[in-house]
Amino acid sequence: MGAGARPRIQRPPPNTTAEPTLTSYDTPHLPGLEHGRTATARDAGTDDTIALPAVDALDWPALTKELDSEGVAVTPPLLSPGDCEEVRALFDRDEVFRSTVDMGRHRFGSGRYRYFAAPLPPVVTALRRRLYPPLARIANQWAERLDRPRFPPTHAELTAACAAAGQLRPTPLLLRYGPDDYNCLHQDVYGELTFPLQVAIMLDRPDVDFTGGESVFVEQRPRAQSRPLVKRPGQGQALIFAVHDRPVRSARGWSRVMLRHGVSAVHDGERHVLGVIFHDAP
């Protein structure tokens, strides 16, 4: 982070101590991934019964190009309207979640989000497993450019590496925003081992189920003004974006550029989003 830059908001799970702040120029220590090795993968169940044809058909070269250019990419719909309704309905089932955060109480914004308990719902497990391998290829391209540790090819191996680092709690979450709710700019880092990409899937219909509530990103480049980006995914569409920072070519090679994300105020209706984060939390 350059001189005079604002510190990011890190979002610890409830009842835990906030992680220490890193600057965008720190190379994080990644326990469990030392020397390019990972711990033995744990058996995390199966997702063989979940059909996600849209995920399997994604144009990864195009998405990679968009991520390299913007740090944010928008996919075609990954979930059908029926799938979105089923996931959205989970929000009111207490037994599905391990904790709930009131954003206003923690000054994160306004609204609520809930972390799924293990075992995760099958569709969330399937999304994590099937999106991870192509994202890991992108993450390793970024790691090579920034001289960082590489990530394993499968999500089971990443989960095992998280466990070796003491990060055992799943981080996928479901968010609900009502009128006047919003989300401050933040980063979903949680622990030392942070996978550099995450996915957010819109579960409602913009301008039908809610108005406002745009996804906001702010990119902070060294020795330059911050750059805002606004995205409005449709129902079932996903945003793929950098969790913390990403490489951008500069006159000196590759520079680390920080990205934070948030949500503008919802004007009316309700907005639900499924957050798919791939690393686990302490």
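Residues numbered from 1 in each chain as written. Predicted model: local features only at pLDDT ≥ 70, side-chain atom pairs only at ≥ 80, totals over all residues. Heavy atoms only, no water.

Trainee: Pulling in residues and values, what's your account of unusual backbone geometry?
Mentor: Here the residue pair alanine 118 and proline 119 is connected by a cis peptide bond, since its omega of -5 degrees sits within 30 degrees of zero. A positive phi is found at tyrosine 190, a non-glycine position, where the angle reads about 70 degrees. Locating tyrosine 190 in the fold gives a position in the loop between β6 (182-186) and β7 (197-202). Here aspartate 207, not a glycine, exhibits a phi torsion of approximately 70 degrees, which is positive. If you trace the backbone, aspartate 207 turns up in the loop between β7 and β8 (210-212). (Helix = DSSP H or I, 4+ residues; strand = E, 2+ residues; numbered from the N terminus.)

Trainee: Give me the side chain of histidine 186: which residues, what numbers.
Mentor: Within the secondary structure layout, histidine 186 lies in strand β6. Reaching out from histidine 186, the side chain makes a polar contact with the backbone oxygen of cysteine 184 at a distance of 2.8 Å. (Polar contact = N/O pair within 3.5 Å; in protein donor to acceptor, adjacent residues only side chain to side chain.)

Trainee: Lay out the packing of helix α2 (residues 60-70) against helix α4 (residues 122-146) with the relevant residues and their values.
Mentor: The description of two packed helices rests on the angle between their axes and on the distance between the axes. For the pair α2 and α4, interaxial distance at closest approach is 11 Å and the crossing angle is 40 degrees. In terms of their interaxial angle, α2 and α4 are classed as oblique. As α2 runs across α4, the sense of the crossing is right-handed. Every residue of α4 that contacts α2 at Trp60, Thr64, Leu67 and Asp68 is listed here: Leu131, Pro134, Leu135, Ile138, Gln141, Trp142 and Arg145. In the contact of α2 with α4, the residues fall into 7 nonpolar, 2 polar and 2 charged. (Axes fitted to C-alpha atoms, helices over the stretch in contact; angles between N-to-C directions. Parallel < 35°, antiparallel > 145°, perpendicular 65-115°, else oblique. Left-handed = near helix turned anticlockwise from the far one by under 90°. Contact = heavy atoms within 4.5 Å. Nonpolar A, V, L, I, M, F, W, Y, C, P; charged D, E, K, R; others polar.)

Trainee: Which residues make up the confidence of the model for the protein, and what values do they have?
Mentor: Mean pLDDT over the protein: 87, with 84% of residues reaching 70 or higher. Per-residue pLDDT stays below 50 along residues 1-28; that stretch engages in 73 contacts with residues further than four places along the chain or on separate chains. Long-range and interchain partners of residues 35-45, a stretch whose pLDDT sits below 50, account for 21 contacts in this model, where long-range means more than four residues apart. (pLDDT = per-residue confidence, 0-100.)

Trainee: Can you lay out the sheet that holds strand β5 (residues 173-177) for me, pointing to particular residues and giving the numbers?
Mentor: Ordered in space as β1-β11-β7-β15-β5-β4-β2, the 7 strands form an open sheet in which the pairing is antiparallel. Each edge of the sheet is formed by a strand with only one pairing partner; in this case those strands are β1 (72-74) and β2 (97-102). Pairwise comparison of adjacent strand axes, ignoring direction, gives a mean angle of 20 degrees for this sheet. The strands touched by α2 within the sheet are β1, β7 and β11 (238-242), with β1 carrying the most contacts at an inclination of about 145 degrees. The strands that α4 touches are β4 (112-116), β7, β11 and β15 (271-276); relative to β7, the one it contacts most, it runs at about 140 degrees. (Pairing = 2+ DSSP bridges.)

Trainee: Please provide a residue-by-residue account of empty space enclosed by the protein, values included.
Mentor: Enumeration over the complete set of coordinates arrives at 3 cavities of 30 Å³ or more. As a volume, the largest cavity reaches approximately 260 Å³. The wall of the largest cavity is formed by 27 residues, among which Leu175, Ala200, Phe241, His261 and Val273 lie closest to the centre. Of all the secondary structure elements, the ones that give two or more residues to the lining of the largest cavity are β5, β6, β7, β9 (215-220), β11, β13 (253-263) and β15. Ranked by residue count, the leading element in the lining of the largest cavity is β7, at 5 residues. Across the lining of the largest cavity, the residue classes break down as 16 nonpolar, 8 polar and 3 charged. (1 Å grid on protein atoms, 1.4 Å probe; cavity = no way out; pocket = protein on both sides within 12 Å on 5 of 7 lines; lining within 4 Å. Points joined across faces, edges and corners; volume = space filled by probe spheres on them.)

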